[in-house]
Amino acid sequence: EVQLLESGGHLVQPGGSLRLSCAASGFTFSSSAMSWVRQAPGKGLEWVSAITANGGTTYYADSVKGRFTLSRDNSKNTLYLQMNSLRAEDTALYYCAIYGVSPRYFDYWGEGTLVTVSS
Amino acid sequence: IQLTQSPSSLSASVGDRVTITCRASQDISSFLAWYQQKPGKAPKLLIYAASTLQSGVPSRFSGSGPGTDFTLTISSLQPEDFATYYCQQLNSYPLTFGGGTKVEIK
């Protein structure tokens with residue numbers, strides 16, 4: 001059974017940093033591209049970032065470029081999102097998802113971890 | 001690439017045929033997916049490649065494309081279908097989602 005378990009979300013002050021983790025199991029993590037999607041309270045879905053299976057290439061939304069860094073450790077089956085210079089507008093539930101690249105879709109999602117940026 | 005979903009919300013009855021539209025700001029071929037999200041839950045993949053039904057999704061769901069104009073149709077709305085639906089383009093980065101369509105009970 002595919003499982004994605006996000007962790008690391010909590011309350012942080014504006015300008016602060018957080019590292020989110022997504023622990024994966026039940027599939028071949030090292031062969032899978034991955035992605036993060038966030039959802040602000042009461043709002044729609046916003047794509048955040050994606051990474052190739054080998055970790056060699058990353059992609060970011062303009063809203064987080066230069067502040068967030070996506071990485072992975074295939075030996076630990078874990079995805080990481082380092083979030084720096086956090087802003088109030090980064091407050092959201094952050095989901096990790098498996099990014100199927102052929103065909104293209106997000107077929108499995110975790111349950112999310114909540115990040116709140118507030119003073 | 002911007003995705004414009006319409007309507008943003010709709011009220012319908014069980015058994016109704018429901019159509020949701022997603023318009024892309026440029027040609028995205030068939031690189032479009034549809035998701036269903038219920039309150040407090042993660043999104044669930046319904047359709048990918050514009051018209052391919054994900055395994056396990058009821059056949060009352062269907063999608064059309066390609067190009068710039070896409071539709072998600074529910075042929076006969078069931079009680080479990082009341083939810084919010086999102087389209088997503090996967091043609092190019094940055095990936096984007098539509099604003100969502102909330103389907104409510106009339």
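Scroll up for the structure.
Not measured: the values here are computed from a predicted model.

Asker: Any details on the side chain of Asp-90 of chain A? Residues and values, ideally.
Answerer: Residue and element names in this part refer to chain A. With respect to the helices and strands, Asp-90 occurs in the loop between strand 8 (78–83) and strand 9 (92–101). Take Asp-90: its relative accessible area is 0%, and that puts it in the buried class. Here Arg-87 takes part through its backbone nitrogen, which lies 2.8 Å from a polar atom of the side chain of Asp-90. Apart from residues lying up to four places away in sequence, Asp-90 is in contact with Arg-38, Arg-67, Phe-68, Ser-85, Val-115 and Val-117.

Asker: An account of the interface of chain B and chain A is needed here, citing residue identities and associated values.
Answerer: Taken together, the contact pairs 18 residues of chain B with 21 residues of chain A. Buried surface at the junction of chain B and chain A, both sides included, amounts to about 1,700 Å², of which 66% is carbon and sulfur. The three residues of chain B that bury the most area against chain A are Leu-90, Tyr-93 and Phe-97 of chain B, which together make up 32% of that side's buried surface. Seen at the junction of chain B and chain A, the total is zero salt bridges. When contributions to the side of chain B that touches chain A are tallied by element, the ones reaching two or more residues are strand 4 (32–37), strand 5 (44–48) and strand 9 (84–89) of chain B.

Asker: Give me the sheet that holds strand 3 (residues 18–24) of chain B: which residues, what numbers.
Answerer: Residues and elements named next belong to chain B. Spatial strand order, 1-3-8-7: four strands in an open sheet with antiparallel pairing. In the strand order of this sheet, the two ends are held by strand 1 (3–6) and strand 7 (61–64), each with one partner. Taking each pair of neighbouring strands and ignoring which way they run, the sheet shows an average axis angle of 15 degrees. Across four bridges, strand 1 lies against strand 3 in antiparallel orientation. By the bridge assignment, Leu-3 is partnered in strand 3 with Ala-24.

Asker: Which residues make up the environment of Tyr-94 of chain A, and what values do they have?
Answerer: All names here are of chain A. Residue position: Tyr-94 is located in strand 9. For Tyr-94, a relative accessible area of 0% puts it in the buried group. For Tyr-94, the contacting residues outside a window of four places in its chain are Glu-6, Leu-20, Trp-36, Val-37, Arg-38, Val-48, Phe-68, Leu-81, Met-83, Gly-112, Thr-113 and Val-115. Separated by 3.0 Å, the side chains of Tyr-94 and Arg-38 make a polar contact.

Asker: So, the sheet that holds strand 1 (residues 3–7) of chain A: which residues are in play, and what are the values?
Answerer: All names here are of chain A. Strand order in this open sheet of four strands is 1-3-8-7, and the pairing throughout is antiparallel. Where the open sheet ends on each side, the last strands, each with one partner, are strand 1 and strand 7 (68–73). Along the sheet, successive strands turn relative to each other by an average axial angle of 15 degrees, direction set aside. As defined by bridge partners, strand 7 adjoins strand 8 across six bridges and the pair is classed as antiparallel. Residue pairing across strands places Thr-69 opposite Gln-82, the latter belonging to strand 8.

Asker: I'd like to hear about unusual backbone geometry, residue by residue, with values.
Answerer: Geometrically, the link from Ser-102 of chain A to Pro-103 of chain A is a cis peptide bond, its omega value of 0 degrees lying close to zero. For Pro-103 of chain A, the location among the structural elements is in the loop between strand 9 and strand 10 (104–109). At the junction of Gly-65 of chain B and Pro-66 of chain B, the peptide bond is cis and its omega measures out at -5 degrees in the coordinates. Mapping Pro-66 of chain B onto the fold places it in the loop between strand 7 and strand 8 (69–74). Its identity as a non-glycine residue notwithstanding, Ser-29 of chain B has a phi of 55 degrees, on the positive side. Note that Ser-29 of chain B resides in the loop between strand 3 and strand 4.

Asker: Just give me the short version of the pairing of strand 5 (residues 45–51) of chain A, but keep the residues and values in it.
Answerer: Within a regular strand, the side chains alternate between the two sheet faces. Residue and element names in this part refer to chain A. A large share of strand 5 lies buried, amounting to six of its seven residues. Note that strand 4 (residues 33–39) and strand 5 share six bridges and pair antiparallel. For Ser-35, the partnering residue across the bridge sits in strand 5 and is Ala-50. Turn length for the strand 4-strand 5 hairpin, with the two strands adjacent in sequence and antiparallel, is five residues, and the turn residue Gly-42 shows positive phi of about 75 degrees. Direction of pairing for strand 5 relative to strand 6 (residues 58–60): antiparallel, over a ladder of three bridges. Its bridge partner being in strand 6, Ile-51 is matched across the sheet by Thr-58.

Definitions and limits used
- Per chain, the residues get numbers from 1 upward, laid out in the order the sequence is written.
- Labels are handed out in written order, letters beginning with A for the chains and numbers beginning with 1 for the ligands.
- Totals for whole chains, interfaces and linings use all residues, but because this is a predicted model, local features are given only for residues with pLDDT of at least 70 and pairs of side-chain atoms are given and counted only at 80 or more.
- Side-chain metrics in this entry use all non-hydrogen atoms of the structure; hydrogen atoms and water are not considered.
- For helices the rule is a DSSP run of H or I covering at least 4 residues; for strands it is a run of E covering at least 2, with both sets numbered from the N terminus onward.
- In this scheme, a residue with accessible area under 20% of its type's maximum is buried, one over 50% is exposed, and one in between is partly exposed, where area comes from a 1.4 Å probe on protein chains only.
- The definition of a polar contact used here is a pair of N or O atoms within 3.5 Å, where within protein one atom must be able to donate a hydrogen and the other to accept one, and adjacent residues in sequence count solely through side-chain atom pairs.
- Residues are treated as being in contact if the distance between any of their heavy atoms lies within 4.5 Å.
- Once two parts are brought into contact, the accessible area they lose, counted with a 1.4 Å probe and summed over both, makes up the buried area.
- A pairing counts as a salt bridge when a side-chain nitrogen of Lys or Arg comes within 4 Å of a carboxyl oxygen of Asp or Glu.
- Two strands qualify as a pair provided that DSSP identifies no fewer than 2 bridges between them.
- All axes are obtained by fitting lines to C-alpha atoms, using only the stretch in contact for helices, and the reported angles, taken between N-to-C directions, cover 0 to 180 degrees.

Note that all results are geometric; they support no functional claim without further evidence.
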